[in-house]
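One letter stands for each residue in the lines below.
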Amino acid sequence: MSTVDIGTFTLRPVDPGRDAELLHAWVTHPKAAFWMMQDATVGDVERAYREIAADEHHHALLGLHDGEPAFLMERYDPAHRELAGLYEPEPGDVGMHFLVAPTDTPLHGFTRAVITAVMRHLFEDPATRRVVVEPDVRNTAVHALNEAVGFVPEREIEKPEKKALLSFCTRERFEKAVAA
């Protein structure tokens, strides 16, 4: 749990059956184009999150802002999912995706507060030494957010579904970035 200026964030595991309709509205929204589920049905979303729930190397968490669903976070082991074979993983590497729910009433600084809370959550695990992300190279908004919390781009990589910007953030870089 992290408290920031704009409220309190908590996380709970995604319940694929209960959360599928909510997540469907998020992942099919035009602002979620880089999530690559634009044409998904509610059933597709439920299946995808049931697969994640059954996967020991991939976990999905629903982020709540002051108790209300506000974002989705996925944590994965990059040695086994997403980046397997595309880079040389190090002990303590953790992969991450996050998606902020669409809103008609944006709150200034909210997305940055979300990524900060996500990173704090990941680094609460003492075994996490660095967070690895692989956003689409065209997703300049998330590159700026990643940089704001301490990520450093390493190189572009070719994934089956996209050209991605492989970036890393150590605990030290994160702490320095959020202290500034």
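Residues numbered from 1 in each chain as written. Predicted model: local features only at pLDDT ≥ 70, side-chain atom pairs only at ≥ 80, totals over all residues. Heavy atoms only, no water.

Asker: Explanation requested: the side chain of threonine 116 in the structure shown.
Answerer: Its location among the elements puts threonine 116 in helix α3 (residues 110-123). When sequence neighbours within four positions are dropped, the list of residues in contact with threonine 116 reads Val149, Phe174 and Val178. (Helix = DSSP H or I, 4+ residues; strand = E, 2+ residues; numbered from the N terminus. Contact = heavy atoms within 4.5 Å.)

Asker: Explanation requested: the pattern of salt bridges in the structure shown.
Answerer: Proximity of charged atoms lets side chains of opposite charge pair with each other. With the rule as written, the count across this model stands at 16 salt bridges. Residue lysine 159 pairs with glutamate 82 through a salt bridge whose shortest N-O separation is 2.5 Å. Of this pair, lysine 159 sits in the loop between β7 (152-158) and β8 (163-170) while glutamate 82 sits in the loop between β4 (68-76) and β5 (93-100), and the two are 77 residues apart along the sequence. Lysine 159 sits in the buried class, given a relative accessible area of 6%. What makes glutamate 82 partly exposed here is its relative accessible area of 30%. (Salt bridge = Lys/Arg side-chain N within 4 Å of Asp/Glu carboxyl O. Buried < 20%, exposed > 50% of the residue type's maximum accessible area, 1.4 Å probe, protein only.)

Asker: I'm lost on the environment of threonine 105 in this one. Help?
Answerer: Topologically, threonine 105 is positioned in the loop between β5 and α3. Given a relative accessible area of 64%, threonine 105 falls into the exposed group. Considered as a pair, threonine 105 and tyrosine 76 are 29 residues apart in the sequence and their alpha carbons are 31 Å apart.

Asker: Can you walk me through the packing of α3 against helix α5 (residues 171-179) in this structure?
Answerer: Two measures define how a pair of helices packs: the angle their axes make with one another and the distance between the axes. It is the contact of α3 with α5, at a shortest axis distance of 11 Å, that shows an interaxial angle of 145°. Viewed along their axes, α3 and α5 form a crossing whose handedness is left-handed. Together, Arg112, Thr116, Met119, Arg120 and Phe123 of α3 and Arg171, Phe174, Ala177 and Val178 of α5 make up the contact between the two elements. (Axes fitted to C-alpha atoms, helices over the stretch in contact; angles between N-to-C directions. Left-handed = near helix turned anticlockwise from the far one by under 90°.)

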